[in-house]
Amino acid sequence: MNTIIDYIANNQLMIYLVILMIFVGIELIEKVPSVLHTPLMSGANAIHGVVIIGAIIIMGEAENMYATILGFIAVVLGTLNVVGGFVVTDRMLEMFKKKKK
Amino acid sequence: MNFLQIIYLIASLTFVIGIKMLGKPESARRGNLIAAFGMTIAIFGTIFLYEGIKTSNYIWIFGGLIVGTVIGTLMAKKVKMTGMPQMVSFFNGMGGACAGIISLVEFDHILHTGPFTDADPVKLGIIFLGLVIGSISFAGSMIAFGKLVEKIKDKVLPLQQVVNIGLLLLILGIAAAATLGYITTPNVLFLILALSLLYGVLFVMPIGGADMPVVISLLNSFTGVAAAMGGFLYDNKVMLFGGILVGSAGTLLTVVMCKAMNRSLTNVLIGNFGGGSKDAGEGKAITGSIKEISKSDAAVLMKYSKKVVIVPGYGLAVAQAQHICHELEQVLEDEGVEVKYAIHPVAGRMPGHMNVLLAESNVSYDKLIEMDDINPEFKTTDVVLIVGANDVVNPAAKNDPSSPIYGMPILDVEDAAHTIVMKRSMKAGYAGIENELFFSPKNSMLFGDAKKTLTELVSELKSL
């Protein structure tokens, strides 16, 4: 129990950041027209691809076979998430160009 | 190292600005590019500036990046617009798997320094949570993907909800016990992995295909939280920031999507709407007769109308008929007929999906009218042409409380003078229920493949 309290005390800024981010996320999505729900979901999907940073770290620090193989797979999958996510979103939004009557 | 923190700060900002801009049609595309830019600098910043990355591993990192980029770009470029929802689900699953693998490797690091029970319990807890959420997201997304490509059928096991909740509690219980040192075998990690994957499968399995967008959105926010766990693990602000942002925005988006379909999230997760529940409320039996209309009669009817509203549904997308539909609209406009499209919030497979499909075939953005704006207009409409849509025009949603879709907002097409339903057969729609609109005296049926029938309609119109 003490370790958890210590952790919170030592990482106050992180905790504050998390709480504020939750509200920012909610604030950003409210009042979005339903037309944009799909691209928005897809864009958010690409952004959580930031998990690739973790994959790069484990890959970069890898010292044994186990970490190297898993790290490599993680980098590939993370990249798929990031690149695929952004490209798909862009393709969807390409369709929303304003057209003359 | 300090410079890296500044890069992370900029990247985090681009994520917030990107999501904000994605919420408006005019700025959405730029918003996506801004977030992509932020992601790129965060990735390369980490590779070159993060302490502890061995240059000998660069080859693996860049190899992985190249492989992922090539496959990801090809998949994203090749997918048809109708297949967008499953593509999003697939990429989401990849992110979840990535988060799960990070936990596996970090746990292994701990084992190299001694028994894991000696490790910092907070760190252990984060590793376990990342593994649980990432695995659920991965397995769930893959099942959702399978359902959207119609390779996996809805399946409800007996006592499914009880089993699911029990399993989830069991997973969390084991993770908590291992974190607090009550379980000492390192193999507990693989037990948690296996159970989480199983839970992900069981979680999505009973949910109907029509509800997949909501499920994908929910799993999307799960992956966000899993990414945030990585942020805690490495004290990495950009992972924490991006992860939590998607976690909370994704959760709210899920709720907003449910609202657009007039359903609650619990209802979606437990209700088994649209399949698997064939014996639950079938709705009233409908009696009456249907009448068919010939293509030439339909063409004449539309040509001498003042106003025609087209209601596109998933059937139109499946038949790839959006281009010919646009041609029909132009032919009618040339005759002086006012043509509009009525877009139901869940037309297609996802909110906004139909808009994307029609925009792809050059239908002007301002002709696409959302449900609340078009509904009052049906009274002054001469002909409503319903192409491959069914549940979204079913009056049972308004006047039959025993119907499974009761309460869902629909397009009030029965207010118009005539309705023409273009359909392949009398088969029920996604929700698996009869549509009394087909039996209305004002309605005529035009059977056939949407693309073929529309093409013939266009040539009839041209020859008139």
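Look up a bit, the structure's there.
All of these numbers come straight from a predicted model, not from anything done at the bench.

About the cut-offs
- Residues numbered from 1 in each chain as written.
- Chains lettered and ligands numbered in written order.
- Predicted model: local features only at pLDDT ≥ 70, side-chain atom pairs only at ≥ 80, totals over all residues.
- Heavy atoms only, no water.
- Helix = DSSP H or I, 4+ residues; strand = E, 2+ residues; numbered from the N terminus.
- Contact = heavy atoms within 4.5 Å.
- Areas by Shrake-Rupley, 256 points an atom, 1.4 Å probe, with all protein chains shown as cover.
- Phe/Tyr/Trp six-rings, centres within 6.5 Å; stacked < 30°, edge-to-face > 60°.
- Buried < 20%, exposed > 50% of the residue type's maximum accessible area, 1.4 Å probe, protein only.
- Axes fitted to C-alpha atoms, helices over the stretch in contact; angles between N-to-C directions.
- Parallel < 35°, antiparallel > 145°, perpendicular 65-115°, else oblique.
- Left-handed = near helix turned anticlockwise from the far one by under 90°.
- Nonpolar A, V, L, I, M, F, W, Y, C, P; charged D, E, K, R; others polar.
- Buried area = accessible area lost by both parts, 1.4 Å probe.
- Salt bridge = Lys/Arg side-chain N within 4 Å of Asp/Glu carboxyl O.
- Polar contact = N/O pair within 3.5 Å; in protein donor to acceptor, adjacent residues only side chain to side chain.
- Pairing = 2+ DSSP bridges.
- Expected span 1.5 Å × (residues − 1).
- Patch = residues over 30% accessible without salt bridge, like charges linked within 9 Å, V, L, I, M, F, W, Y side chains within 5 Å.

J.: Looking at this model, I keep getting lost on the overall build of chain A. Mind explaining?
T.: Looking only at helices and strands, chain A has 5 helices and 0 strands in total. The principal-axis extent of the C-alpha atoms belonging to chain A is close to 65 × 35 × 15 Å. Long-range contacts, defined as pairs at least 24 residues apart, comprise 62% of the intrachain contacts of chain A with a sequence gap of at least 6. Surface summary for chain A: the accessible area is close to 4300 Å², and the carbon and sulfur share equals 67%.

J.: Would you explain the packing of aromatic side chains in this entry?
T.: Residues and elements named next belong to chain B. Under the counting rule described, the total for this entry stands at 10 aromatic pairs over all chains. Residues F90 and F145 carry aromatic rings whose centres are separated by 5.8 Å and whose planes lie at 50 degrees to one another, so their mutual orientation is tilted. Taken together, the positions of F90 in helix α4 (residues 84–112) and F145 in helix α5 (residues 121–148) put the pair 55 residues apart, joining distant regions of the chain. Taking relative accessible area as the criterion, F90 reaches 15% and is therefore assigned buried. Between Y199 and F203 the ring centres are 5.8 Å apart and the planes differ by 20 degrees, which places this aromatic pair in the stacked class. Note that Y199 and F203 are positioned in helix α7 (residues 188–204) at a spacing of 4 residues, about one turn of the helix. An identical accessibility class is assigned to Y199 and F203; each is buried.

J.: Would you explain the packing of helix α1 (residues 2–22) of chain B against helix α2 (residues 28–49) of chain B in this entry?
T.: The relative placement of two packed helices is expressed as an angle between their axes plus a distance between the axes. All names here are of chain B. Put simply, α1 and α2 touch, their axes get as near as 8 Å, and they point 160 degrees apart. Relative to α2, α1 is oriented roughly antiparallel. Between α1 and α2 the crossing geometry is left-handed. Among the residues making up the contact of α1 with α2, the classes are represented as 17 nonpolar, 7 polar and 1 charged.

J.: How do you make sense of the packing of helix α5 (residues 65–94) of chain A against α2 of chain B when you look at a structure like this?
T.: In the contact formed by α5 of chain A and α2 of chain B, the axes pass within 9 Å of each other and the chain directions differ by 165 degrees. Taken as axis vectors, α5 of chain A and α2 of chain B run roughly antiparallel relative to one another. Here the hand of the crossing between α5 of chain A and α2 of chain B comes out left-handed. Here V82, F86, T89, D90, L93 and E94 of chain A of α5 of chain A come into contact with α2 of chain B, specifically with A28, R29, N32, L33, A35, A36 and M39 of chain B.

J.: I keep staring at the environment of V421 of chain B and nothing clicks. Help me out?
T.: All names here are of chain B. Position of V421 relative to the elements: it lies in strand β5 (residues 418–423). The class of V421 is buried, set by a relative accessible area of 0%. With 22 residues separating them along the chain, V421 and N443 place their C-alpha atoms 7.3 Å apart. Those residues within four positions of V421 in sequence are excluded, and the remaining contacts are I386, L437, F438, N443, S444, M445 and L446.

J.: Can you walk me through the interface of chain A and chain B in this structure?
T.: Accessible area lost upon the coming together of the parts serves often as the stated size of an interface. Opposite the 79 residues of chain A that make contact, chain B presents 106 residues. Between chain A and chain B, a total of about 8500 Å² is buried, with carbon and sulfur atoms accounting for 78% of that surface. Sorting the residues of chain A by area buried against chain B places M41, I47 and R91 of chain A first, and these three jointly supply 8% of that buried surface. Between K54 of chain B and E63 of chain A there is a salt bridge, with its nearest N and O atoms 3.8 Å apart. Our count for the chain A to chain B interface comes out at 17 residue pairs in polar contact (both at pLDDT 80 or more). With 27 residues, the top contributor of residues to the side of chain A that touches chain B is α5 of chain A. Taken together, the residues that form the side of chain A that touches chain B break down as 50 nonpolar, 20 polar and 9 charged.

J.: Whenever I open this one, helix α4 (residues 52–61) of chain A confuses me. Can you help?
T.: Think of an α-helix as turning once every 3.6 residues; residues three or four places apart then point the same way. Within α4 of chain A, 9 of the 10 residues are buried, which leaves the element mostly enclosed by the surrounding structure. Buried within α4 of chain A we find I52, I53, G54, A55, I56, I57, I58, M59 and G60 of chain A.

J.: Mind showing me how you'd approach the sheet that holds strand β3 (residues 368–370) of chain B here?
T.: Neighbouring strands of a sheet are bound in pairs by backbone hydrogen bonds; such pairs are parallel or else antiparallel. Residue and element names in this part refer to chain B. With respect to topology, 6 strands assemble into an open sheet ordered β3-β2-β1-β4-β5-β6, the strand pairing being parallel. Edge strands, defined here as strands with exactly one partner in the open sheet, are β3 and β6 (443–447). Put simply, the sheet's adjacent strands are angled 25 degrees from each other on average, direction ignored. As judged from the 4 bridges shared by strand β1 (residues 307–312) and strand β2 (residues 338–343), these two strands associate in the parallel manner. Opposite I310, over in β2, you have Y341 as the bridge partner. Where helix α17 (residues 450–463) meets the sheet, it contacts β4 (383–387), β5 and β6, and its direction lies at approximately 130 degrees from that of β5.

J.: I would appreciate a short explanation of α5 of chain B in the present structure.
T.: All names here are of chain B. Spanning 28 residues, α5 covers 40 Å between terminal C-alpha atoms, matching the ideal 40 Å at 1.5 Å per step. Burial of α5 is extensive: 22 of the 28 residues sit out of reach of the surface. E150 occupies a position one or two residues after α5 and carries a positive phi of about 60 degrees.

J.: How do you make sense of a nonpolar patch on the surface when you look at a structure like this?
T.: Residues and elements named next belong to chain B. A contiguous nonpolar surface patch, about 680 Å² in accessible area, is contributed by F3, I6, I10, F37, F44, F48 and L49. Going through the elements one at a time, α1 and α2 are the ones with two or more residues in the nonpolar patch. The dominant element in the nonpolar patch, judged by the number of residues it contributes, is α2, at 4 residues. Within the secondary structure, I10 sits in helix α1.

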